[in-house]
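Coordinate inspection notes
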Amino acid sequence: MNVDRLPGVTLTDHVLDVPLDHAAPGGERIEVYGREVVAAGREDAALPWLVFLQGGPGNAAPRPLGRESWLGRALEDYRVLLLDQRGTGRSTPANRQTLQLRGGPREQAGYLAHFRADAIVQDAELFRRRLAGAGTPWSVLGQSFGGFCTVAYLSQAPEGLREALVTGGLPGLDASAEDVYRAAYPRVARKNAAHYARYPRDVAAAREIAAYLREREVRLPGGGILTPRAFQALGMLLGSGNGSHVLHHLLADAWVTGPAGRELGDAFLEGVRAHLSHAAAPLFAVVHEAIYGQRSVDPGPTAWAAQRVRDGLTAYPQFDVGTVLDGAGPLYFTGEMMYPWLFDTDPALRPLKETAQELAERRDWPDLYDAGQLAVNDVPAAAAVYFDDMYVDTAHSLATADRIRSLRVWVTNEWEHDGLRVSDGAVLDRLLRMVRGEV
């Protein structure tokens, strides 16, 4: 068991061998990794456990450099487990390299069908029994998709929880993938309008870059293709606290003049690659729409819901590159939407295109949330809902909050979706005081 010591913290590795399919414990097994973090000098203290469920899907847990961000506040009260959800980080990886060993697209999709919130909850329960003890509940903190997992935890295994904290991650219990994206595009449009109001020169800058990309093939470092639609995907930045400013600076530094004349510079292209590449988290794209599948809500396939809704948009022509470039006005960037063409432009996703298609066509996804259990929940719980969150619909979140007994809700516009990370512990502190009845 490896132990590392960083400024102010001690880190300990934990690895569990878990069933791929928890309904078939005798079948194939995979590894899931968790990193224990405890304040230096308190390694032997009898501290309660807090498990952190990262946003995503498909993102590894944060790698601590010390007691930064929310972790510093958490370590005042807890021993923290940063869980690399299955398929991510140091857990058994799922990417273009490893998935090829599993057979064809159908076999790969069948494997990835076990990488949703319900399986993550069961993995966490095995960790709890190993680390805290079978009869000792622990606390959970879920950010974004980790909040979805937390609501699934309250549905499936509330006996394992002492308290539940959610930041920017109350899912719509009855929202289909199509419902999610119909609600998302107006929010993304508002973020675009706010960005252009803040930086009006970016209207011309974005149009000029999109027009340039429409006329020629531009390759990113690493081999990705920067099409106008891929360029629009930089809108993912607009949902974070400083994302509008990051996008502005990226656009402002786009051009250089060389022997061939004016062209997009290498520094710009490298910056774009860093924001658009899914090499570090391919599951984010591959299983993204699958996290919304529930047979009781919609027994049909998710069928690239983000693209289907986009194809039918009439209220927001600013999302259509051709319409904008052939006319006037701003080009809108897109948000947290996964499109089938992404698997043509990103080298990390290209080998998984047919696998993603298999998942998009899959029907009858098992339900993730138990409304009946949530209605009688007695686990103390608190949630931060960020006003006009670009990634998670506020209306869906508040409707869900009304259906979870013992949940206290804090709606705030002080931070964007990344409030937990950037508030220096203030968001977590507020939720802890709420769940303890102190505020």
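Going by the structure above, here's the rest.
An account of the accompanying structure is given in this report. (Residues numbered from 1 in each chain as written. Predicted model: local features only at pLDDT ≥ 70, side-chain atom pairs only at ≥ 80, totals over all residues. Heavy atoms only, no water.)

Describing the packing of aromatic side chains
Inclusion rule: Pairing of aromatic rings covers Phe, Tyr and the six-membered ring of Trp, with a centre-to-centre limit of 6.5 Å; geometry is then stacked below 30 degrees between planes, edge-to-face above 60, and tilted otherwise. The numbering of helices and of strands both runs from the N terminus, where a helix is a DSSP run of H or I of at least 4 residues and a strand a run of E of at least 2. The cut-offs for exposure are 20% and 50% of the maximum accessible area for each residue type, with area from a 1.4 Å probe on protein chains only; residues under the lower value are buried, those over the upper are exposed, and the others partly exposed. Placement of a charge over a ring requires the Lys NZ or Arg CZ to be within 6 Å of the ring centre, with the centre-to-atom vector within 35 degrees of the ring normal.
A complete count under the given rule lists 13 aromatic pairs for this structure. With centroids separated by 4.6 Å and ring planes inclined at 35 degrees, the aromatic side chains of Phe52 and Trp70 adopt a geometry described as tilted. Taken together, the residues span a long stretch of sequence, with Phe52 in strand S4 (residues 49-53) and Trp70 in helix H1 (residues 69-74) at a distance of 18 residues. What makes Trp70 buried here is its relative accessible area of 7%. Taking 6.2 Å as the distance between ring centres and 75 degrees as the angle between the ring planes, the aromatic pair formed by Tyr316 and Phe319 counts as edge-to-face. Taking relative accessible area as the criterion, Tyr316 reaches 23% and is therefore assigned partly exposed. For Phe319, a relative accessible area of 2% corresponds to the buried category. Between Arg79 and the ring centre of Trp49, over which it is positioned, the NZ or CZ distance is 6.0 Å. Here the guanidinium or amino end of Arg430 rests over the ring plane of Trp410, the centre of that ring lying 4.8 Å away.

Brief notes about the pairing of S4
Condition: A crossover counts as right-handed when, viewed with the strands pointing away from the observer, the path leading from the first strand over the helix to the second turns clockwise. Strands are treated as partners if at least two bridges between them are detected by DSSP.
When you tally the buried positions in S4, you get 5 out of 5 residues, the bulk of the element. Residues Trp49, Val51 and Leu53 of S4 are buried on one face, and the alternating residues Leu50 and Phe52, pointing to the opposite face, are buried as well. Handedness of the crossover joining S4 and strand S5 (residues 79-84) through H1: right-handed. Across 4 bridges, the pairing between S4 and strand S6 (residues 138-143) is parallel. Following the sheet pairing, Leu53 is matched in S6 by Gly142.

Examining helix H4 (residues 117-131)
The test is simple: One less than the number of residues in a helix, times 1.5 Å, gives the span that helix is expected to have. Note on definitions: a residue-residue contact is assigned when non-hydrogen atoms from the two residues lie within 4.5 Å.
With 15 residues, H4 should reach 21 Å at 1.5 Å per residue; the first-to-last C-alpha distance of 21 Å fits that figure. Looking only at H4, the buried set comprises Ala117, Ala119, Ile120, Val121, Asp123, Ala124, Glu125, Phe127 and Arg128. If you follow the buried residues of H4, they end up packed against strand S2 (9-19), strand S3 (29-39), S4, S5, S6 and helix H5 (145-156). Note on H4: the residue one or two positions beyond its end, Gly133, has a positive phi of about 110 degrees.

Brief notes about the side chain of Ser244
Considering the arrangement of structural elements, one finds Ser244 in helix H9 (residues 243-252). Leave out the neighbours within four places in its chain, and Ser244 touches His195, Arg198, Tyr199, Leu237 and Leu238.

Concerning the pattern of salt bridges
Pairing of side chains with opposite charge becomes possible as their charged atoms draw close. Here is the rule: A side-chain nitrogen of Lys or Arg and a carboxyl oxygen of Asp or Glu constitute a salt bridge if their distance falls within 4 Å.
Under the definition given, this model contains 27 salt bridges. Notably, a salt bridge pairs Arg273 with Glu270, separated by 2.8 Å at the nearest N-O pair. Highlighted residues: Arg273 and Glu270, both in helix H10 (residues 266-276), separated by 3 residues, approximately one helical turn. For Arg273, a relative accessible area of 27% puts it in the partly exposed group.

Details of the side chain of His288
Filter applied, for reference: A 3.5 Å cut-off defines polar contacts: any pair of N or O atoms within that distance qualifies, except that in protein one atom must be a possible hydrogen donor and the other a possible acceptor, and neighbouring residues in sequence count only when both atoms are side-chain atoms.
When you line up the elements, His288 lands in the loop between helix H11 (283-286) and helix H12 (305-311). From its side chain, His288 meets the backbone oxygen of Phe284 in a polar contact 3.0 Å long. The residues contacting His288, other than those within four sequence positions of it, are Gly56, Pro57, Tyr181, Leu283, Glu336 and Met338.

A word on the sheet that holds S4
Quick note on the threshold: Every axis corresponds to a line fitted to the C-alpha atoms, with the helix fit spanning only the stretch in contact, and the corresponding angles, defined between N-to-C directions, vary from 0 to 180 degrees.
Spatially, 9 strands are ordered S1-S2-S3-S5-S4-S6-S7-S10-S11 in an open sheet, and the strand pairing comes out mixed. Two strands close off the open sheet at either side, each with one partner strand: strand S1 (3-6) and strand S11 (407-412). Averaged over all neighbouring strand pairs, the angle between strand axes comes to 20 degrees, with direction disregarded. Here 6 bridges tie strand S10 (residues 381-386) to S11, and the two strands are oriented parallel to one another. Residue pairing in the sheet places Tyr386 in a bridge with Thr412 of S11. With respect to the sheet, H4 is in contact with S2, S3, S4, S5 and S6, its orientation differing from that of S2 by roughly 120 degrees.

Thoughts on the layout of surface pockets
To keep it simple, the criterion reads: A 1.4 Å probe that fits but cannot get out identifies a cavity on a 1 Å grid over protein atoms alone, an open set with protein on both sides within 12 Å along at least five of seven lines counts as a pocket, and a residue lines either if it has an atom within 4 Å of a point. Grid points are joined across faces, edges and corners, and a volume is the space filled by probe spheres set on the points. Under the scheme applied here, ten amino acids are nonpolar (Ala, Val, Leu, Ile, Met, Phe, Trp, Tyr, Cys and Pro), four are charged (Asp, Glu, Lys and Arg), and all others, including Gly, are polar.
What the second largest pocket holds in volume is close to 230 Å³. Along its surface, the second largest pocket is lined by 13 residues, and Asp21, Ala113, His114, Asp118 and Pro366 are the ones closest to its centre. The residue inventory of the lining of the second largest pocket, partitioned by class, reads 6 nonpolar, 3 polar and 4 charged.

Side note on empty space enclosed by the protein
Within the structure shown, the criterion is met by 6 cavities of 30 Å³ or more. Space inside the largest cavity adds up to approximately 150 Å³. Surrounding the largest cavity, 14 residues form its lining, Phe148, Pro171, Gly172, Val180 and Tyr292 being those nearest its centre. Here the residues of the lining of the largest cavity sort into 9 nonpolar, 3 polar and 2 charged. Of all the elements in the fold, those that place two or more residues in the lining of the second largest cavity are H11 and helix H15 (353-361).

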